[in-house]
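# Architecture and fold: a report
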Amino acid sequence: MPVPESPVLLRTTLLRDSVHDRLRDAIVDGTLAPGEVVRDTELATWLGVSRTPVREALLRLGETGLVRSAPGRSTVVAEIDLAEVREAHAVVVAMHRLAVTEAVARLTDDDVELMRAANRRFAAAIEAHDTDAALTADDDFHWVAVEVSGNRALATVLDQFGPVVRRLERRRFASHAGEQSVLLHERLVEACVGRDGDAAADVAFRTWQNLADLIPDPDQPAEPVQPTQPAQQETS
């Protein structure tokens, strides 16, 4: 028989994902700081939703390591574990390289223009020291290849492990590193235009591998997270 229409279920699904994304972003940008106790009732009030999607979101965030909880104990925002960051970084590097490898032959002129436009926004944000705008533009740039690749498993892995890396990246990325990323983005676009899959994959790898230098040594404590403020700040 035909698949029944279920608008209520669709709305619930979208709400669940929206709540998850809001909480994930709040952890990444430091609004919810490492070690902070998070209660589903308070989060539900803050977001204006019921406790159910908040509980579901906290379970998902626990799977990615962004929150920690144990039976009979409070749920807290996880401290940054440098070993986990390194592991996640290795996965993110490999996935973005794979995305470019699979996408380069399929990219259209419109796709290339999306990448160029995102990099222009990224460069402008770097110059303006607008961290949030830079991160958004950077995401938009790299996500073109992820979408064009059509690899759902790849996208799922990046959705899970990307925030673990970005949580540290946004605090450690200096403007000089940001300027280097602008140039690497330009080289990646040119390799894609030339349909040079090997060169594009190599640039993508270098772009993300460079973040390894931003991960502190194991004996170096992570710097405190400062919540994002509207004023200008150092870019990531």
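Up top is the structure.
What comes next is a walk through the structure. (Residues numbered from 1 in each chain as written. Predicted model: local features only at pLDDT ≥ 70, side-chain atom pairs only at ≥ 80, totals over all residues. Heavy atoms only, no water.)

### Quick notes on helix H6 (residues 131-149)
In this model H6 runs 28 Å from its N-terminal to its C-terminal C-alpha over 19 residues, within 8% of the 27 Å that 1.5 Å per residue would give. Considered for burial, the residues of H6 that qualify are Thr131, Ala134, Leu135, Ala137, Asp138, Phe141, His142, Val144, Ala145, Val146, Val148 and Ser149. (Helix = DSSP H or I, 4+ residues; strand = E, 2+ residues; numbered from the N terminus. Expected span 1.5 Å × (residues − 1). Buried < 20%, exposed > 50% of the residue type's maximum accessible area, 1.4 Å probe, protein only.)

### Re the packing of helix H2 (residues 40-47) against helix H3 (residues 51-64)
Running from N to C, H2 and H3 cross one another at 115°; their axes reach a closest spacing of 9 Å. Classified by chirality, the crossing of H3 by H2 is right-handed. Note on element contacts: H3 touches H2 through Arg51, Val54, Arg55 and Leu58, opposite Asp40, Thr41, Leu43 and Ala44. Classifying every residue of the contact of H2 with H3 gives four nonpolar, one polar and three charged. (Axes fitted to C-alpha atoms, helices over the stretch in contact; angles between N-to-C directions. Left-handed = near helix turned anticlockwise from the far one by under 90°. Contact = heavy atoms within 4.5 Å. Nonpolar A, V, L, I, M, F, W, Y, C, P; charged D, E, K, R; others polar.)

### Considering the nonpolar core
One broad rule of soluble globular proteins: the nonpolar side chains tend to lie buried together. One finds Leu23, Leu32, Val54, Leu58, Met115 and Leu188 to be the most contacted residues of the largest nonpolar core, which totals 55 residues. Looking at which element gives the most residues to this core, the answer is helix H4 (residues 82-103), with nine residues. With six residues, the next largest nonpolar core counts Phe122, Ala125, Ala137 and Val182 among its residues. (Core = buried A, V, L, I, M, F, W, Y, C linked by side-chain atoms within 4.5 Å.)

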